[in-house]
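Descriptive analysis of the structure
What follows is each chain in one-letter form.
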Amino acid sequence: MHTGINSTLPAPNLHVFHPRRASFMCNNSTLNPVVSSSAAPSSTRQHLSNLEKLLQKTNQTDPEGVVKGCSNGSVETKGKVLLERLNLSRIWPEMSAADDMSPRNLNRLQRLLSKTMEYSPRNNLGSRWREYHGCYDWSGLLDPLDENLRREVVRYGEFVQAAYHCFHSNPAMSADEAPLPRHVSLPERSYKVTKSLYATSSVGLPQWVDDVAPNLGWMTQQSSWMGFVAVCDDKREIQRMGRRDIVIALRGTATCLEWTENFRAQLVEISESHEPTQKVGCGFLSLHKTPGAHVPSLAESVVDEVQRLTEMYKGENLSITITGHSLGAALSLLVADEISSCSPQVPPMAVFSFGGPRVGNKGFADLLNEKNIKVLRIVNNQDLITKVPGVFIDERLKQDPDKLEEEQRNESFARVFNMLENNNPWAYSHVGTELKVDTKMSPYLKPNADVACCHDLEAYLHLVDGFLSMECPFRSNAKRSLAKLIDNQKSNVKQLYTDEALSLNLERRDSLSISMVSCLPSPSR
């Protein structure tokens, strides 16, 4: 509707109206520059343009997503004065007002907290698939973290999440009959599950436990569903990856007897090994080798299925990827060792482990290296599980190569060192290449997050998705949804984001909780 000066405005007041209008137009500020009367129709567009420029200055990033000044600590402060005057840090004391309360970042936060995901495209791995599978120990791909490798790591982590979801949906197993086939909700339609895997403890709880707590149920069962074997059967995905991939996914500790096995940490010899210096943790080996009343051992099941699949797809480019979290990460190494011994011609094999403890001694680590088993350990600096069990003389010296070289010059020290390494029942050693992330680098998690959060698999995937490099660990364009992280670790997420999540999802909380059963979309999808 057109509005103009008409007879409703008394003529004597015209001298008042025009000066006021002119004084408004001449009010000079950063967001409202002086414009002539002839430019008045475009003043709104100019105002919005200047606002956008100001916000861009406060959130300027380079093409790679690295915040300018990250390496030298100096960040441009020009353009922040106006937002700083608003003193938004008084309202959100945990965050920097200029960086995190701008309209642009609030919109991004709303996207991360919503159920609507932004998908990152999958690139064709083509002829480089062996490199991403670890043939060069991921050299040159970890710092900064290669974009394709990041997607692959998150993708394999979601297979482990699928194993957790399947187990917790029906953890109980009958002690009187063989288990029924299970349905696993995979994060990818391009894979199909071909085998369920079970782990059995060789120890039982004492009778007094049943007397004190007779209703523990599945928590005290000796055999439990541990994971699955799946194979890619989608032609387009096979073409993208450059090969047909066989995945073995293993969950972490869940039952009382599995916890009992975790604490049986004395190193013992591998039964099939002809080298007495190759030792692994007693409890891990027990879960790997012990058969159940109605299920074969984990070792037997996985070998039979891998042999069947490699024979079925004989002549194709194949890879075997073993992935696990916590206890599953430990068992992944034993499974890799078992598969490598079952045939002289095993496809390229890699292990992607999340939050894994030490599994064996240096002799065991050397054994896996000799068999060309590639291991990428994703480790959170604050995760205590990755620092146990045992003592680690060799790793302490690896942290100081000069000290190692100096001490090894002493022949007597070398003899003592080898004796401790080979005979000490607690001399553990890590295996493989390390990708190190850090809870404190996430802008969403509290820096004093508890032990459970630092070991949580979803927290691991969140940190990997955000990791950029050691100099600038969290990228500004991370795309993984925060919804599941908040659902799992609400007390460890900064108050700003839990409040925002509540305001966004309060009216649809029930539907959001239901969606948590299956894996959320991620940058790999």
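A short tour of the structure in this document, coming up. Every value quoted in this text rests on a predicted model; they were computed, and no experiment measured them.

Regarding the overall build of the protein chain
If you tally the helices and strands in the protein chain, you get 22 helices and 9 strands. Going through the 525 residues of the protein chain one by one, you find that 47% of them count as buried. Carbon and sulfur atoms provide 53% of the accessible area of the protein chain, an area that totals close to 26,600 Å².

A word on the packing of aromatic side chains
Within a pair of aromatic rings, the relevant descriptors are the distance that separates the centres and the angle that separates the planes. On inspection of all chains with the given rule, the structure shows 9 aromatic pairs. Arranged with centres 4.8 Å apart and planes meeting at 70°, the rings of Tyr444 and Tyr497 form a pair that is edge-to-face. In this pair, Tyr444 sits in the loop between β9 (433-437) and α18 (451-455) while Tyr497 sits in helix α21 (residues 495-505), placing the two residues 53 residues apart along the sequence. The same class applies to Tyr444 as to Tyr497, namely buried. In this structure an aromatic cluster arises from ring pairing among Trp138, Tyr156, Phe159, Tyr191 and Phe352.

Focus on the nonpolar core
One finds Leu149 and Phe228 to be the most contacted residues of the largest nonpolar core, which totals 61 residues. When residues of this core are assigned to their parent elements, the largest contribution, 11 residues, is made by helix α7 (residues 147-169). Those residues in contact with Leu149 that lie beyond four places of it in its chain are Tyr132, Trp138, Leu141, Leu142 and Phe352. Counting residues in each nonpolar core, the second largest holds 40 residues, with Leu250, Leu309, Ala330 and Val335 among its members.

Quick look at α7
When the terminal C-alpha atoms of α7 are compared, their 33 Å separation across 23 residues agrees well with the 33 Å that a helix rising 1.5 Å per residue should span. Here α7 lies mainly inside the structure; 19 of its 23 residues are buried. Sitting at the head of α7, Asp146 places a side-chain oxygen 2.9 Å from the backbone nitrogen of Asn148.

Things to note about unusual backbone geometry
In the segment running from Asp143 into Pro144, the intervening peptide bond is cis, with an omega of 5°. Structurally, the position occupied by Pro144 is in the loop between α6 (129-132) and α7. In the segment running from Val388 into Pro389, the intervening peptide bond is cis, with an omega of -5°. Note that Pro389 resides in the loop between β8 (374-380) and α15 (393-398).

A word on the side chain of His462
Note that His462 resides in helix α19 (residues 457-466). Here His462 falls in the buried class, since its relative accessible area comes to 4%. Apart from the residues lying within four places of it in its own chain, the contact partners of His462 are Ser442, Tyr444, Leu445, Phe474, Arg480, Leu482 and Leu485.

Points about the sheet that holds strand β7 (residues 349-354)
Strand order in the open sheet formed by 7 strands is β1-β2-β3-β6-β7-β8-β9, with mixed pairing between adjacent strands. In this open sheet, the two strands that pair with only one neighbour each are β1 (191-200) and β9. Ignoring strand direction, the axes of neighbouring strands in this sheet form an average angle of 20°. Pairing analysis gives 5 bridges linking strand β2 (residues 223-232) to strand β3 (residues 244-250), with the strands arranged antiparallel. Of the residues in β3, the one forming a bridge with Phe228 is Ala249. Contacts between α7 and the sheet are confined to β1, β2, β3, β6 (318-325), β7 and β8, with β2 contributing the most and set at about 140° to the helix.

A short note on the side chain of Asn262
Tracing the backbone shows Asn262 in helix α10 (residues 256-262). Only 2.9 Å separates the side chain of Asn262 from the side chain of Thr253, close enough to count as a polar contact. In contact with Asn262, not counting residues within four places along its chain, are Thr253, Phe284 and Leu327.

Conventions and cut-offs
Residues numbered from 1 in each chain as written. Predicted model: local features only at pLDDT ≥ 70, side-chain atom pairs only at ≥ 80, totals over all residues. Heavy atoms only, no water. Helix = DSSP H or I, 4+ residues; strand = E, 2+ residues; numbered from the N terminus. Buried < 20%, exposed > 50% of the residue type's maximum accessible area, 1.4 Å probe, protein only. Areas by Shrake-Rupley, 256 points an atom, 1.4 Å probe, with all protein chains shown as cover. Phe/Tyr/Trp six-rings, centres within 6.5 Å; stacked < 30°, edge-to-face > 60°. Core = buried A, V, L, I, M, F, W, Y, C linked by side-chain atoms within 4.5 Å. Contact = heavy atoms within 4.5 Å. Expected span 1.5 Å × (residues − 1). Polar contact = N/O pair within 3.5 Å; in protein donor to acceptor, adjacent residues only side chain to side chain. Pairing = 2+ DSSP bridges. Axes fitted to C-alpha atoms, helices over the stretch in contact; angles between N-to-C directions.

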